Amino acid sequence: MSRIGKLPVAIPAGVTITFENGLLTVKGAKGTLTQQVVGDIDVKIEGAEAHVVKTADTAGTDAKHGLYRALLHNMVVGVTNGYSKKLKVNGVGWKVAKQGGKVVLNVGFSHPVEFPEPAGIKLECPSVNEIIVSGIDKTLVGQTAANIRKIRIPEPYHGYGIAYSDEVIERKEGKTGGKGKK
């Protein structure tokens, strides 16, 4: 039995969870999230807690049990607090700016790169070298941040690139400048 799946999910005030015909819906102050549930999994709501239970012991049900409990927990946190990821832009003369529904990145290419704001995601640029990606869907926030980072992945020699704010970039030593072999 899944250790994660056995844990109950606390339902805060103002959040409603419904489970009908394999569709899990979580509504809260920040919005609504839905998740299709496949397999022998059921969601029981008892007071201020939700329990994800297995209806049969078939192959792969233990993994799905823990998976759907984690997804339900992420949905509850998303509609109450939301998620955000912070990106840092590091490079000489590199800058970012929000223009309408997109972020314009000048990151060392011969042209500016425009990144449109996906549905359900809010992009902010509090300074010329910071991007904040926020939303209620944890997977969508993480994927959007990864797509922005992919525009210019940090390189190890100077540290130039777009990196997560808590990411540690291991620096490499450059050439020593010594004379060749004689």
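Structure: see above.
Residues numbered from 1 in each chain as written. Predicted model: local features only at pLDDT ≥ 70, side-chain atom pairs only at ≥ 80, totals over all residues. Heavy atoms only, no water.

On to helix α2 (residues 61-80), then. When the terminal C-alpha atoms of α2 are compared, their 29 Å separation across 20 residues agrees well with the 28 Å that a helix rising 1.5 Å per residue should span. Backbone geometry just downstream of α2 places glycine 82 in the positive-phi region, at approximately 85°. (Helix = DSSP H or I, 4+ residues; strand = E, 2+ residues; numbered from the N terminus. Expected span 1.5 Å × (residues − 1).)

A word on the packing of aromatic side chains. Summed over the entire model, instances satisfying the criterion amount to 1 aromatic pair. Ring geometry for tryptophan 94 versus tyrosine 160: centroids 5.9 Å apart, planes at 50°, classification tilted. On the criterion of sequence distance, the pair formed by tryptophan 94 in the loop between β7 (83-90) and β8 (95-99) and tyrosine 160 in the loop between α3 (138-151) and β13 (161-164) is long-range, its members being 66 residues apart. You can call tryptophan 94 buried: its relative accessible area is 12%. Over the ring of phenylalanine 109 we find arginine 152; its NZ or CZ atom is 4.7 Å from the centre of that ring. (Phe/Tyr/Trp six-rings, centres within 6.5 Å; stacked < 30°, edge-to-face > 60°. Buried < 20%, exposed > 50% of the residue type's maximum accessible area, 1.4 Å probe, protein only. Lys NZ or Arg CZ within 6 Å of the ring centre and 35° of its normal.)

Another aspect to go through is the sheet that holds strand β4 (residues 32-36). Here we have 3 strands laid out as an open sheet, ordered β2-β3-β4, and antiparallel in their pairing. Looking at the sheet topology across the chains shown, the edges are occupied by β2 (16-20) and β4. Between one strand axis and the next, the sheet turns by 15° as a mean value, whatever way the strands run. Where strand β3 (residues 23-27) meets β4, 5 bridges bridge the pair, whose relative direction is antiparallel. When the bridges of β4 are listed, valine 26 appears paired with leucine 33. (Pairing = 2+ DSSP bridges. Axes fitted to C-alpha atoms, helices over the stretch in contact; angles between N-to-C directions.)

Turning our attention to the side chain of aspartate 42. With respect to the helices and strands, the residue aspartate 42 is situated in strand β5 (residues 41-46). Among the residues examined, aspartate 42 registers a relative accessible area of 18% and is labelled buried. A polar contact of 2.8 Å, which involves the side chain of aspartate 42, links it to the side chain of lysine 44. (Polar contact = N/O pair within 3.5 Å; in protein donor to acceptor, adjacent residues only side chain to side chain.)

Within the largest apolar cluster, 19 residues are counted, with the highest numbers of intra-cluster contacts made by Ile17, Leu24, Val26 and Leu72. With 5 residues, the single largest contributor to this core is α2. Ignoring anything within four residues of it in the chain, the contact list for leucine 72 reads Val9, Ile17, Leu24, Val26, Val43, Ala50 and Val52. The next biggest cluster of nonpolar side chains, apart from the first, holds 18 residues, and it includes Val96, Val103, Ile131 and Val141. (Core = buried A, V, L, I, M, F, W, Y, C linked by side-chain atoms within 4.5 Å. Contact = heavy atoms within 4.5 Å.)

Among the structural elements, glutamate 130 can be located in strand β12 (residues 130-135). There is a polar contact of 3.2 Å between the side chain of glutamate 130 and the side chain of lysine 86. Beyond its immediate sequence surroundings of up to four residues, glutamate 130 is in contact with Lys86, Leu87, Lys88, Val96, Glu124 and Cys125.

What follows deals with the pattern of salt bridges. A full pass over the atoms with the stated rule returns 9 salt bridges. Close ionic contact of lysine 54 with aspartate 57 constitutes a salt bridge, the shortest N to O distance being 3.0 Å. Note that lysine 102 and glutamate 114 form a salt bridge whose closest N and O atoms lie 3.3 Å from each other. Of this pair, lysine 102 sits in strand β9 (residues 102-106) while glutamate 114 sits in strand β10 (residues 113-116); the two residues are 12 residues apart in sequence, bridging distant segments of the chain. (Salt bridge = Lys/Arg side-chain N within 4 Å of Asp/Glu carboxyl O.)

Quick look at the pairing of β9 now. Two elements, β8 and β9, share 5 bridges in a ladder whose sense is antiparallel. Within β9, the position partnered with lysine 98 by the bridge is valine 103. Counted along the chain from β8 to the antiparallel partner β9, the turn is 2 residues long, and its residue glycine 100 has a positive phi close to 65°. As judged from the 4 bridges shared by β9 and β10, these two strands associate in the antiparallel manner. Among the inter-strand pairings, lysine 102 is bridged to a residue of β10, identified as proline 116.

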